[in-house]
Amino acid sequence: MDRSAQAGPVANVLAWSVLLFLLLPISIVFPLSLTDQRFLSLPYEAPSLQHYVTFFTSERWLTSTWQSLVIAVFSTLLAVVSGTPCAIGCWKLSTRLTDLVRVLMLLPIIVPSIVYALGIYRLWIRLDLLDTYLGIILVHGVTGIPYVVITVSATLANFDARLEQAARSMGASLWQTLCWVIMPRVMPGIASGAIFAFIHSWDEAVLILFIASRALFTLPRRMWDGIQENLDPVMAVAACVMMLLSMLALAGDLWLRRTRDK
Amino acid sequence: MATLATAFPRTLPQTRMLGASFSWWLLIAPAVILMLAFYAFPLAEVLWISVTEPQPGFGNYERLLTSAALQRVWTTTLRICVITTAITLVAGYVVAYALVSAPPRLQRWMFVCVLLPLWISVLVRAFAWVTLLRSQGVVNQALLSLGVIDQPLRLIWNEFGIAVGMVHYMIPYAVLPLYASMRDIDPRLVPAARGLGATRLEAFRRVFLPLTLPGIVAATVLVFIFSLGFYVTPAILGGGRTLMVAEYIKLQILDLIRWGVGTMMATTLLVAVVVVLAIFARIVDFRRLFGSRH
């Protein structure tokens, strides 16, 4: 298409400076992690991997990475298993009540984390779930549901409802319709939702301050303490590890979008 | 599809009974139960505590009117939010404008630049800003060695640092709705205005800009409500010296264990967010702005 409304050179220069501003902090982390100094700085003489060695031999950092992964995997599972049928049900029924359900599912995105953090902190004190896998997985899973509901609903918007009616009228049970007709079509949406939910848990840094303290120390939690106390170069390595997973997730999502649009 | 359409016209007789719709409700139930038990209920309890502790009544809310400290927290928060939103909007508008008129291949790269930060942990980004902006940080070191300054600039642990970090976080959230509204504009309109004798600026101001108004409103609302309750970046880049409302709440609960004041501020924050949303949900269709074109 002929885009004759081309942006002028001034607009383009401004736009690219903003984009550079967006990339600046992200691009500085990797060089910092290669420093040959004992403090956080750019490498003075030659890049060194010494802090990577420290990270991958430190029990504290490895434990945190492992805990973060376990929590992210299980909370993603919880979000996908409960969010997907919910989106399908809302799509099929589409009544006033399901509209209300959709709003309920969006709550965790709208409500500031800090407000919810107080409530769940209080509840977990009472139920004795502070600092437990179950407690954190429930919280990350429930707050991950919106991402699954949104992505699955978006895929369902392009799905011909008559296919489902056809299957049902030919005698397929609800379960068979779900497994053989609906699920294959919304798979890309479920996969996207799972990626979002995983990253949501992997990055989550506010709720964890309230609901975990000693036994469980996720990667964001350890980074938080590191920033407050001492900025040691291993932090830059940890930041790179976190970024690596985010970038893989973004690549996965972009790939899914491309296959979906084809 | 044509055969399917004739076989199953949209006016398919309603064979579903209450029983059939009941099994669909069963699919919805687990998520609803989880959300009510572990999200809505604890959230409601926050509101409840704010009027029951330490004594029943609106004592906590009265402090909003009498305590200078609380008022300072709110004015600081609002000031930083307004500044952040204004800068973010201008920056986001420029990017969205360049994005919508870029050739497809370049557009893909620009999109990656916008989406990449969105996917990276807010904590990692705040950490990156600390390493860049602190007095022994990369920016100050570079400026010192170039001889531009002879004393490190104070770029962090103040409102400037908070604003930089927040603007950086919010720009993608402004670009996406702005881009969505610009994409739908007929690309022939601006050239038409130019052909009719409008200058470049006039065509932009009188044709393009008004058409992007829904996008502008949506981006403003989104950025503003996200800024209001933002915790991580202000807490780290403010270094405890500039208190915004989210960090104030955290201090009340975890450090001072004053549940009454903490939950009162949290409730006020929630009400502020909901009010802003309620006003603008009537004006903008948020669902349309997030990808789905239906």
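Rules used throughout
- Residues numbered from 1 in each chain as written.
- Chains lettered and ligands numbered in written order.
- Predicted model: local features only at pLDDT ≥ 70, side-chain atom pairs only at ≥ 80, totals over all residues.
- Helix = DSSP H or I, 4+ residues; strand = E, 2+ residues; numbered from the N terminus.
- Buried ≥ 20, exposed ≤ 12 C-beta atoms within 10 Å, placed from the backbone.
- Contact = placed C-beta atoms within 7 Å.
- Axes fitted to C-alpha atoms, helices over the stretch in contact; angles between N-to-C directions.
- Parallel < 35°, antiparallel > 145°, perpendicular 65-115°, else oblique.
- Left-handed = near helix turned anticlockwise from the far one by under 90°.
- Nonpolar A, V, L, I, M, F, W, Y, C, P; charged D, E, K, R; others polar.
- Core = buried A, V, L, I, M, F, W, Y, C linked by C-beta atoms within 7 Å.
- pLDDT = per-residue confidence, 0-100.

1. Looking at the overall build of chain A
- Along its length, chain A carries 11 helices and zero strands.
- Element order for chain A, N to C, with α for helix and β for strand: α-α-α-α-α-α-α-α-α-α-α.
- Judged by the C-alpha coordinates and their principal axes, chain A covers about 70 × 65 × 30 Å.
- Considering chain A as a whole, with its 262 residues, one finds that 47% of them fall into the buried category.
- Put simply, 76% of the contacts in chain A that link residues at least 6 apart link residues at least 24 apart.

2. A word on the overall build of chain B
- Across its full length, chain B holds 15 helices and zero strands.
- Counting over 294 residues, chain B shows a buried share of 42%.
- Summarising the internal contacts of chain B: among those between residues at least 6 apart in sequence, 75% fall at separations of at least 24.

3. A short note on the environment of Ile199(A)
- The residue Ile199(A) is located in helix H8 (residues 174-203) in this model.
- When the C-alpha positions of Ile199(A) and Val73(A) are compared, they lie 9.8 Å apart, and in sequence the two are 126 residues distant.
- Leave out the neighbours within four places in its chain, and Ile199(A) touches Ser246(A), Ala249(A) and Trp119(B).

4. Description of the packing of helix H6 (residues 122-133) of chain B against helix H8 (residues 159-183) of chain B
Residue and element names in this part refer to chain B.
- Packing of H6 against H8 brings their axes to within 11 Å, and their N-to-C directions diverge by 140 degrees. As summarised for this structure, H6 and H8 are arranged oblique, according to the angle between their axes. Seen along the crossing, H6 lies across H8 with a hand that is right-handed. When H6 is examined against H8, the residues Val 122, Arg 125, Ala 126, Trp 129 and Leu 133 are found in contact with a partner set consisting of Gly 161, Val 164, Gly 165, His 168 and Tyr 169.
- Among the residues forming the contact of H6 with H8, the class breakdown is six nonpolar, three polar and one charged.

5. Structural notes on the nonpolar core
- Formed by 162 residues in total, the largest nonpolar core has its most connected members in Val115(A), Ile211(A), Ala238(A), Ala239(A), Val95(B) and Ala96(B).
- With 15 residues, H8(B) is the largest single contributor of residues to this core.
- Contact partners of Ala239(A), with chain neighbours within four places excluded, come to Val29(A), Met223(A), Val124(B) and Phe127(B).

6. Section: unusual backbone geometry
- Each neighbour pair has its own omega, and for Glu53(B) with Pro54(B) the value is -5 degrees, a cis peptide bond.
- By secondary structure assignment, the location of Pro54(B) is in the loop between helix H2 (18-52) and helix H3 (59-66).
- Phi at Asp128(A) is positive, roughly 60 degrees, even though this residue is not glycine.
- Residues other than glycine seldom take positive phi values, yet Ile257(B) does so here, at roughly 50 degrees.
- Structurally, Ile257(B) can be placed in the loop between helix H13 (245-255) and helix H14 (259-281).

7. Structural notes on the interface of chain A and chain B
- Tallying the contact residues gives 74 residues for chain A and 72 residues for chain B.
- Of the residues forming the side of chain A that touches chain B, the biggest block, 14 residues, is contributed by helix H1 (residues 9-33) of chain A.
- Residues of the side of chain A that touches chain B, tallied by class, amount to 58 nonpolar, 11 polar and five charged.

8. Focus on the packing of helix H6 (residues 133-156) of chain A against H8(A)
Residue and element names in this part refer to chain A.
- Two elements in contact, H6 and H8, have axes whose closest approach is 8 Å; the angle formed by their N-to-C orientations is 155 degrees. By the criterion of interaxial angle, the relationship of H6 to H8 is roughly antiparallel. Considering the relative orientation of H6 and H8, their crossing is right-handed. Contacts between H6 and H8 involve His 140, Thr 143, Gly 144, Tyr 147, Val 148, Thr 151, Val 152, Ala 154, Thr 155 and Leu 156 from the former and Val 186, Pro 188, Gly 189, Ile 190, Ser 192, Gly 193, Phe 196, Ala 197, His 200 and Ser 201 from the latter.
- Taken together, the residues of the contact of H6 with H8 break down into 10 nonpolar, 10 polar and no charged.

9. Here we look at the confidence of the model for chain A
- In this model, chain A carries an average pLDDT of 88, and 96% of its residues clear a pLDDT of 70 or more.
- Taking the mean pLDDT of every element in chain A, the minimum, 82, falls on helix H7 (residues 161-169) of chain A and the maximum, 95, on helix H5 (residues 113-127) of chain A.

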